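A look at the structure
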Amino acid sequence: MERFKNLLLVVNSHTPMAPTLEQVVALTQKNQGKLTLIEVVREVELGMGIMESSLVDPIKVQRELVDKAHHRLEQLAAPFQEKGMTIDLKVKVGTPFLE
C-alpha cells in the first residue's frame, strides 16, 4: 500500500479544527510524513466595506488578516510542535476554493 508522505490540512476560522488536526497528526506520524497547515484569506478589495475615500488602507487590512490567520495556525500547531513534530504553516491570499 502506498503511504501518504505529504499531508495538507486546509484550515478555516469557521470550523473547529482540533479533532481533525489530531487525526491528521496521527496519520502523518504513522506514515512518517510531512504535514502542512494552510489557511486561505480572501483578498481585500474595495467594496468589501472599504470605500475608496476611506482612511482605511486595504493593504494594511490585508496584512492584518494574514497575520491573524498565521497566528491561528501557530496556535493549532503549537501543542504538536512542543512534542517535537515539524509542521509547516502557510497562509495564502486569494479565493479559498481556488487556492
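All of the points below concern the structure found in this document. Computed from a predicted model, the values in this text were never measured in an experiment. (Residues numbered from 1 in each chain as written. Predicted model: local features only at pLDDT ≥ 70, side-chain atom pairs only at ≥ 80, totals over all residues. Heavy atoms only, no water.)

1. Quick notes on the environment of Val24
The cut-off we apply is this: The helix and strand labels rest on DSSP assignments: H or I over at least four residues marks a helix, E over at least two residues marks a strand, and numbering proceeds from the N terminus. Residue contacts follow a heavy-atom distance rule, with two residues in contact if any of their heavy atoms lie within 4.5 Å.
In this fold, Val24 is placed in helix H1 (residues 18–30). Along the primary structure Val24 and Leu9 are separated by 15 residues, whereas in three dimensions their C-alpha atoms are 7.7 Å apart. In this structure Val24 touches Leu7, Leu9 and Leu35, once residues within four positions along its chain are discounted.

2. Digging into the pattern of salt bridges
Rules: What makes a salt bridge here is a side-chain nitrogen of Lys or Arg within 4 Å of a carboxyl oxygen of Asp or Glu, nothing more. To sort residues, take the accessible area from a 1.4 Å probe on protein chains only and compare it with the maximum for the residue type: under 20% means buried, over 50% means exposed, and anything in between is partly exposed.
In this structure the tally under the stated criterion is 3 salt bridges. With a shortest N-O distance of 3.3 Å, Lys34 and Asp88 are connected by a salt bridge. Residue Lys34 is located in strand E2 (residues 34–41), and its partner Asp88 is located in strand E3 (residues 87–93); the two are separated by 54 residues in the primary sequence. Using a relative accessible area of 43% as the deciding quantity, one classes Lys34 as partly exposed. For Asp88, a relative accessible area of 27% corresponds to the partly exposed category.

3. Some remarks on the pairing of strand E1 (residues 6–11)
Our working rule: Think of it this way: DSSP has to see at least two bridges between two strands before they count as a pair. When the strands point away from the viewer and the path from the first strand over the helix to the second turns clockwise, the crossover is right-handed.
Side-chain alternation along E1 places Leu7, Leu9 and Val11 on a buried face and Asn6, Leu8 and Val10 on a face that remains uncovered. In this structure, E1 lies alongside E2, joined through 6 bridges in parallel fashion. Following the sheet pairing, Leu8 is matched in E2 by Thr36. Crossover connection from E1 via H1 to parallel E2: handedness right-handed.

4. Structural notes on the side chain of Thr28
Mapped onto the fold, Thr28 is located in helix H1. Once residues within four sequence positions are removed from consideration, Thr28 is found in contact with Leu7, Gly33, Lys34, Leu35 and Met85.

5. Observations concerning the nonpolar core
Let me state the cut-off plainly: Take the buried Ala, Val, Leu, Ile, Met, Phe, Trp, Tyr and Cys residues and link them wherever side-chain atoms come within 4.5 Å; each set so joined is a nonpolar core.
Core analysis: the biggest nonpolar cluster contains 18 residues, and Leu9, Leu21, Leu35, Leu37 and Ile87 have the highest contact counts within it. Elements supplying a minimum of two residues to this core: E1, H1, E2, helix H2 (58–81) and E3. The element contributing the most residues to this core is H2, with 5 residues. In contact with Leu9, not counting residues within four places along its chain, are Met17, Thr20, Leu21, Val24, Thr36, Leu37 and Ile38.

Shape is all these values report; function is a separate question.
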